Amino acid sequence: MQLARFKQYDQERIRIASDNIYLNDFEEEGEVAPSLYMDRKWKVITNPNVTSYGQVSFQECGFIAPQGEASVDSKINSTYIDIDDKSNLLQKEIPESPIVWYPFKYQRATLFTSFIKWRGVVLKIYKDCFLCRLVDQDGNSPDEEAEILLSEISDEDLQLIDIGAVFYWSIGYQTNPSGSRTRSSIIRFRRLPVWRSEELSEAQKKAEKTLIAFGIT
Amino acid sequence: MLTPPLNEEVEISIFGPGYGECILVHIGFNDWIIIDSCINPSSKEPCAVEYLSSIGVPLDTGVKLIIATHWHDDHIRGIGKTVNSCSNATFVCSDGLLTKEFITFIKAYGARPGLTKGVNEFDIVLKSLETSHRTPKYASAEKALWKRNGPNGKPPCCITALSPADFAIHLAKIQLKELFPQGNTTKRDVVAPQPNNVAVVIWIEVGDIYLLLGSDLENSPDKRHGWAAIVDSNLRPEGIASVFKIPHHGSKNADLPEVWEKMLIKNPLSVMTPFSKGNVSLPTLEDINRIKSQTSEGYITAPPGVKRVKKPKIVEQFVKGATKSIYQVNSFFGHARFRADLKSRPIDWKTELFQSATSLNSLKV
């Protein structure tokens, strides 16, 4: 049985972390629609054989109709699940911590073993570099700030650089399906979702409630 | 270090981890004021809560006022937990933040934990105040924030805001309105805009001891706000201060000679925190020399500058190739403590420096 975890680290983003000894450092990130998961704790599982950088899609358990391959298990509260046991899938109730089964692809993955993984946010942009805050995702080292050269960013990601933009920087080595290893530094900017008018209306309602509580009208 | 001040002692404690600051003032008889908040890099706890707990101050009754001089990341880290812990303290923030737009902005971004913490901390504060049925107080120039009339032998105490001026509040409201996200625009982390129009400068008088705490207020060519507006105001409280929290980490653009001439005694006890961000490191050598020309009693919670985090060789190689610079955000941490008897004259400040705190005279410049 091969298992993996999706670990939530904010309402909109997850990390898939394999618990397979051979894939111990494999990680992948994906985004979920905030409308489905905002203000709710949830868990997602998958098979570790998902290809690196594959597109990830999600369904909330029983609440949104599964699109073919996605199924859920609402009874298991563990982070781990045996993907072969589907007897409890497709429950109607929304559990407190829904678990989403992610369909896997039987392909050999290019694995990335990281020595350090930072989450960064752009603070200031200069002509040839940008200033950013870096937070070690494993919490092993203190927060840092760096001026990263724009030449390190892929053409595709350059257009995403803006004040407040979020990115991930991993340094480690890649193991190709053939088994060869290459040292690697990968900086990838997040494709951030947009503000929806419903979210802004909700924020306005909350603000009005707060102002009333403070006696300010 | 763990000895609390005597009832008849005034204490000013300033904490600075290299990025951030927190000031505690004991105004006698176990009444405390907290101004801004930062995190102890070692314990990850808010400095104020940690220190007061360590010297046995009851947080629920001992802390009277918590002031957030502005919402920049380096002045607000841990303030949510501080407001939660000090359950009877009045929370004060700048009048420039008294807008539906700003609170909506906080509510929108507060639900999205980001790396820049100012918004999230402010959201925690608002929730804590609502839950505990406390109403925040808004600070603006020449507004009294808290007063103790001096019953039961306690010395009278008055805490007054000297800023933001009305015009600064006007500018802040325009600035903050622009931060509010529009529909279908990309969600990003919030980075506080410049200039800082909402900084709250605090004036504290305890008996006949006066303290001037300069926040991050800077000078402005427009005399309707900034330090010139404070100096020129005929409504600010009378008195000259013997202690000065130097504004904006000692930067030149926050230094107005008239402040030293008209609001401070000669050779005042002066203290500041350092700041590092990108190619900006404050105070500069020029700043230190300028401040030393005004006082021989200058202190800083840590020497200006940064240090690098040690990394494995392979990581270091990639980092070196990809960056122009990289440094630890909170490279140092220090605590400067000053205590003086409320009655004995002349005022004799007893100085104690912990961790990285040092006097400006001992810095190699």
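Preceding this paragraph is the structure being described.
Parameters at a glance
Residues numbered from 1 in each chain as written. Chains lettered and ligands numbered in written order. Predicted model: local features only at pLDDT ≥ 70, side-chain atom pairs only at ≥ 80, totals over all residues. Heavy atoms only, no water. Helix = DSSP H or I, 4+ residues; strand = E, 2+ residues; numbered from the N terminus. Rg over C-alpha atoms; globule rule 2.2 N^0.38 Å. Buried < 20%, exposed > 50% of the residue type's maximum accessible area, 1.4 Å probe, protein only. Contact = heavy atoms within 4.5 Å. Areas by Shrake-Rupley, 256 points an atom, 1.4 Å probe, with all protein chains shown as cover. Buried area = accessible area lost by both parts, 1.4 Å probe. Salt bridge = Lys/Arg side-chain N within 4 Å of Asp/Glu carboxyl O. Polar contact = N/O pair within 3.5 Å; in protein donor to acceptor, adjacent residues only side chain to side chain. Nonpolar A, V, L, I, M, F, W, Y, C, P; charged D, E, K, R; others polar. Pairing = 2+ DSSP bridges. Phe/Tyr/Trp six-rings, centres within 6.5 Å; stacked < 30°, edge-to-face > 60°. Lys NZ or Arg CZ within 6 Å of the ring centre and 35° of its normal. Core = buried A, V, L, I, M, F, W, Y, C linked by side-chain atoms within 4.5 Å.

> Describe the overall build of chain B, with residues and values.
Per the secondary structure count, chain B includes 11 helices and 19 strands. For 365 residues, the compact-globule estimate of 2.2 N^0.38 gives 21 Å, and the C-alpha radius of gyration of chain B, at 20 Å, lies within 12% of that figure. With respect to the principal axes defined by its C-alpha atoms, chain B has extents near 60 × 50 × 45 Å. Relative to its full complement of 365 residues, chain B shows a buried share of 62%. For chain B, the share of sequence-separated contacts (at least 6 apart) that also reach a separation of at least 24 residues comes to 69%. Total accessible area on chain B is roughly 13900 Å²; 52% of this is exposed by carbon and sulfur atoms.

> Outline the environment of Phe167 of chain A, listing residues and values.
All names here are of chain A. Among the secondary structure elements, Phe167 is positioned in strand 10 (residues 166-175). In this structure Phe167 comes out as buried when scored by relative accessible area, which is 0%. Spatially, the C-alpha atom of Phe167 lies 5.9 Å from that of Arg119, the residues being 48 residues apart in sequence.

> How would you sum up the interface of chain B and chain A? Please name residues and give values.
Each side of the interface is counted separately: chain B has 53 residues, and chain A has 57 residues. Of the roughly 4900 Å² buried between chain B and chain A on both sides combined, carbon and sulfur atoms contribute 66%. Here chain B and chain A share 6 salt bridges between them. Note that Glu208 of chain A is salt-bridged to Lys100 of chain B, the shortest N-O span being 2.8 Å. If you look at where chain B meets chain A, you find 13 residue pairs in polar contact (both at pLDDT 80 or more). Those elements giving two or more residues to the side of chain B that touches chain A turn out to be helix 5 (100-110), helix 6 (118-131), strand 13 (275-277), helix 11 (313-322) and strand 16 (323-328) of chain B. Ranked by residues supplied to the side of chain B that touches chain A, first place goes to helix 11 of chain B with 7 residues. Residues that form the side of chain B that touches chain A fall into these classes: 24 nonpolar, 16 polar and 13 charged. Judged from the 5 bridges that link them, strand 9 (residues 144-149) of chain A and strand 16 of chain B form a sheet pairing that is antiparallel. Paired with Ala146 of chain A across the two strands is Ile326 of chain B, which belongs to strand 16 of chain B.

> Before we move on, can you summarise the packing of aromatic side chains with the specific residues and values?
For the coordinates displayed, the defined rule picks out 19 aromatic pairs over all chains. When the centroid spacing of 5.2 Å and the interplanar angle of 90° are considered together, the rings of Phe244 of chain B and Trp260 of chain B count as edge-to-face. One end of the pair, Phe244 of chain B, is in strand 11 (residues 241-245); the other, Trp260 of chain B, is in helix 9 (residues 257-262), and 16 residues separate them in sequence. An aromatic cluster is defined as three or more aromatic residues linked by ring pairs; in this entry it consists of Trp195 of chain A together with Trp71, Phe91, Phe102, Phe105, Tyr109 and Phe122 of chain B. Cation over ring: Lys187 of chain B sits above Trp195 of chain A, and NZ or CZ is 5.0 Å from the ring centre. Positioned above the aromatic ring of Phe167 of chain B, the side-chain terminus of Arg224 of chain B is 3.7 Å from the ring centre.

> So, the nonpolar core: which residues are in play, and what are the values?
Residues and elements named next belong to chain B. Of all hydrophobic cores here, the largest spans 50 residues; its most connected members are Trp71, Phe91 and Phe122. The biggest single contributor to this core is helix 5, with 6 residues. If sequence neighbours within four positions are ignored, Phe122 has contacts with Trp71, Ile76, Phe91, Cys93, Leu97, Phe102 and Ile106. Among the nonpolar cores identified, the runner-up in size contains 34 residues, and Ile14, Ile23, Leu145 and Val206 belong to it.

> Can you tell me about the pattern of salt bridges, naming the residues and giving the values?
On inspection of all chains with the given rule, the structure shows 26 salt bridges over all chains. We note a salt bridge from Lys81 of chain B to Glu45 of chain B, for which the minimum N-O separation is 2.6 Å. In this pair, Lys81 of chain B is assigned in helix 4 (residues 79-85) and Glu45 of chain B in the loop between strand 3 (32-35) and helix 1 (47-54), connecting sequence segments 36 residues apart. For Glu45 of chain B, a relative accessible area of 27% puts it in the partly exposed group. Two residues, Lys107 of chain B and Glu130 of chain B, come together in a salt bridge whose shortest N-O distance is 3.8 Å. With Lys107 of chain B in helix 5 and Glu130 of chain B in helix 6, this residue pair connects regions lying 23 residues apart in the sequence. The class of Lys107 of chain B is buried, set by a relative accessible area of 8%. A network of salt bridges, in which partner residues are shared, links Arg196, Glu198 and Glu199 of chain A together with Lys187 of chain B.

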